[in-house]
Amino acid sequence: MNIQTDFINNIPDAKPVRIFLPLHGDDQGCRRQCILRKTSAPRFNLLFEPGTLPVDRLDTRSPCIVNLDMAGQSVSIEAMIEQVVNVQVLELIVLKAISHEQMRDYFRVDYTMPIIASSPLPEGFGSPEEQWRISGTTIDLSGSGLLAFFHERPPADKLVRLRLPLPADKSETISFMARPVRTSEVEDDRYIVAYHYEDISDEERDKIVGQCLITQRRLLRLKVQVKDDEVSFRR
């Protein structure tokens, strides 16, 4: 029995999951809640509420990411849509399963956006020196951590609250706790900090993973375009 088949067999039937669906003509894709029904592993079905599945816009040539909780651990499945059964049901096949600890390397993408690091204490609590806030810029992003650049040194051994907009040009901001794992001073008053997510909701993590996938798709299209341009130039 291969790993993909074994993994699907271990998922309880009728398991509520969340999926990031790639769409034609929309780099942002969409996230939906649905139910996983086991069929013949490594294949499985996803059942959607009426009117929530954008059947006509699905990009069936790009991978989907299915997020679920297994024994208290967040896990993601990378899967391909094999068939649109009807307006409420998709058939998918597992490509691989990834724990969010593995996502740090697997879904790491170069991504620049503003970020704010601040004290984890709510406003009005603690002494004035315990309340702090600095602005920076992300360097890369993944499903379990990020790399950011600051002009001030943030605490190197304490939890911090990170706030960042997703996507970078929208007004929506997500907020979560993170732990610094490495701080480097690259120049005078210039610091690069690697953070690992510590306290983050499933919805917020889904948004980050979705943004990583969106960025990957953009980079892939750019590589294909550059390759085509090189071929045309040589001709």
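Given the structure is predicted, the values throughout are model-derived calculations rather than measurements.

### Here's the deal with the packing of aromatic side chains
Phase 1 of the analysis: Per the counting criterion, the structure on display carries 2 aromatic pairs.
Phase 2 of the analysis: For the pair Phe 150 and Tyr 195, a centre-to-centre distance of 6.5 Å together with 90° between the ring planes defines the contact as edge-to-face. Highlighted residues: Phe 150 in strand β10 (residues 145–150) and Tyr 195 in strand β13 (residues 190–199), separated in sequence by 45 residues. A single burial state applies to Phe 150 and to Tyr 195, both of which are buried.
Phase 3 of the analysis: Between the aromatic rings of Phe 176 and Tyr 197, the centroid separation amounts to 4.9 Å while the plane-to-plane angle is 75°, which identifies the pairing as edge-to-face. Here Tyr 197 lies in strand β13 and Phe 176 lies in strand β12 (residues 173–187), a separation of 21 residues in the sequence. As far as the burial class goes, Phe 176 and Tyr 197 line up, both buried.

### With respect to the environment of Glu 78
Phase 1 of the analysis: Turning to its location among the elements, Glu 78 is positioned in strand β5 (residues 73–86).
Phase 2 of the analysis: On a C-alpha basis, the gap between Glu 78 and Leu 95 in space is 5.5 Å, while along the polypeptide they are 17 residues apart.

### Examining empty space enclosed by the protein
Phase 1 of the analysis: Using the criterion set out here, one finds 1 cavity of 30 Å³ or more in the structure.
Phase 2 of the analysis: Here the largest cavity defines a volume of roughly 40 Å³.
Phase 3 of the analysis: As for the largest cavity, its lining consists of Arg 18, Ile 19, Phe 20, Arg 31, Ile 65, Asn 67, Asp 206, Val 209, Gly 210 and Leu 213.
Phase 4 of the analysis: Taken together, the elements giving at least two residues each to the lining of the largest cavity come down to β1 (15–23), β4 (64–70) and α3 (202–234).
Phase 5 of the analysis: The element best represented in the lining of the largest cavity is α3, accounting for 4 residues.
Phase 6 of the analysis: Taken together, the residues of the lining of the largest cavity sort by class into 5 nonpolar, 2 polar and 3 charged.

### Quick look at the pairing of β1
For a regular strand, side chains alternate in direction, first toward one face of the sheet and then toward the other.
Phase 1 of the analysis: The element β1 is largely enclosed, with a buried count of 8 among its 9 residues.
Phase 2 of the analysis: Where β1 meets β4, 3 bridges bridge the pair, whose relative direction is antiparallel. Across the sheet, the residue bridging to Arg 18 is Asn 67, located in β4.

### Here we look at the side chain of Asn 45
Phase 1 of the analysis: Secondary-structure assignment places Asn 45 in strand β3 (residues 43–47).
Phase 2 of the analysis: If we skip the residues at most four places from it in the chain, Asn 45 touches Ile 35, Leu 36, Arg 37, Thr 39, Val 89, Leu 90 and Glu 91.

### A short note on the nonpolar core
Nonpolar side chains tend toward joint burial in soluble globular proteins.
Phase 1 of the analysis: Among the nonpolar cores identified, the biggest contains 26 residues, and Ile 19, Leu 21, Phe 44, Leu 46, Ile 77 and Leu 92 are the most heavily contacted of them.
Phase 2 of the analysis: What Ile 77 contacts, discounting residues up to four positions off in sequence, is Phe 7, Ile 8, Ile 11, Cys 64, Ile 65, Val 66, Leu 68, Val 94, Lys 96 and Ala 97.
Phase 3 of the analysis: Counting 23 residues, the second largest nonpolar core, distinct from the first, contains Ile 134, Leu 141, Val 160 and Leu 164.

### Concerning the pattern of salt bridges
Phase 1 of the analysis: Under the criterion given, the structure shown has 5 salt bridges.
Phase 2 of the analysis: Glu 198 is paired through a salt bridge with Arg 179; the nearest N and O atoms lie 2.6 Å apart. Here Arg 179 lies in strand β12 and Glu 198 lies in strand β13, a separation of 19 residues in the sequence.
Phase 3 of the analysis: By relative accessible area, which is 40% here, Glu 198 ends up partly exposed.

### Some remarks on the pairing of β10
Phase 1 of the analysis: With 6 of its 6 residues buried, β10 lies for the most part within the structure.
Phase 2 of the analysis: Burial along β10 is two-sided: the face carrying Gly 145, Leu 147 and Phe 149 and the face carrying Leu 146, Ala 148 and Phe 150 are both buried.
Phase 3 of the analysis: Pairing of strand β9 (residues 133–141) with β10, which is carried by 5 bridges, proceeds in the antiparallel orientation. Paired with Thr 137 across the two strands is Phe 149, which belongs to β10.
Phase 4 of the analysis: Bridge analysis of β10 against β13 gives 6 bridges, and the strand direction is antiparallel. Looking at β13, one finds that Leu 147 is bridged to Ala 194.

Reading the values: rules and limits
Residues numbered from 1 in each chain as written. Predicted model: local features only at pLDDT ≥ 70, side-chain atom pairs only at ≥ 80, totals over all residues. Heavy atoms only, no water. Phe/Tyr/Trp six-rings, centres within 6.5 Å; stacked < 30°, edge-to-face > 60°. Helix = DSSP H or I, 4+ residues; strand = E, 2+ residues; numbered from the N terminus. Buried < 20%, exposed > 50% of the residue type's maximum accessible area, 1.4 Å probe, protein only. 1 Å grid on protein atoms, 1.4 Å probe; cavity = no way out; pocket = protein on both sides within 12 Å on 5 of 7 lines; lining within 4 Å. Points joined across faces, edges and corners; volume = space filled by probe spheres on them. Nonpolar A, V, L, I, M, F, W, Y, C, P; charged D, E, K, R; others polar. Pairing = 2+ DSSP bridges. Contact = heavy atoms within 4.5 Å. Core = buried A, V, L, I, M, F, W, Y, C linked by side-chain atoms within 4.5 Å. Salt bridge = Lys/Arg side-chain N within 4 Å of Asp/Glu carboxyl O.

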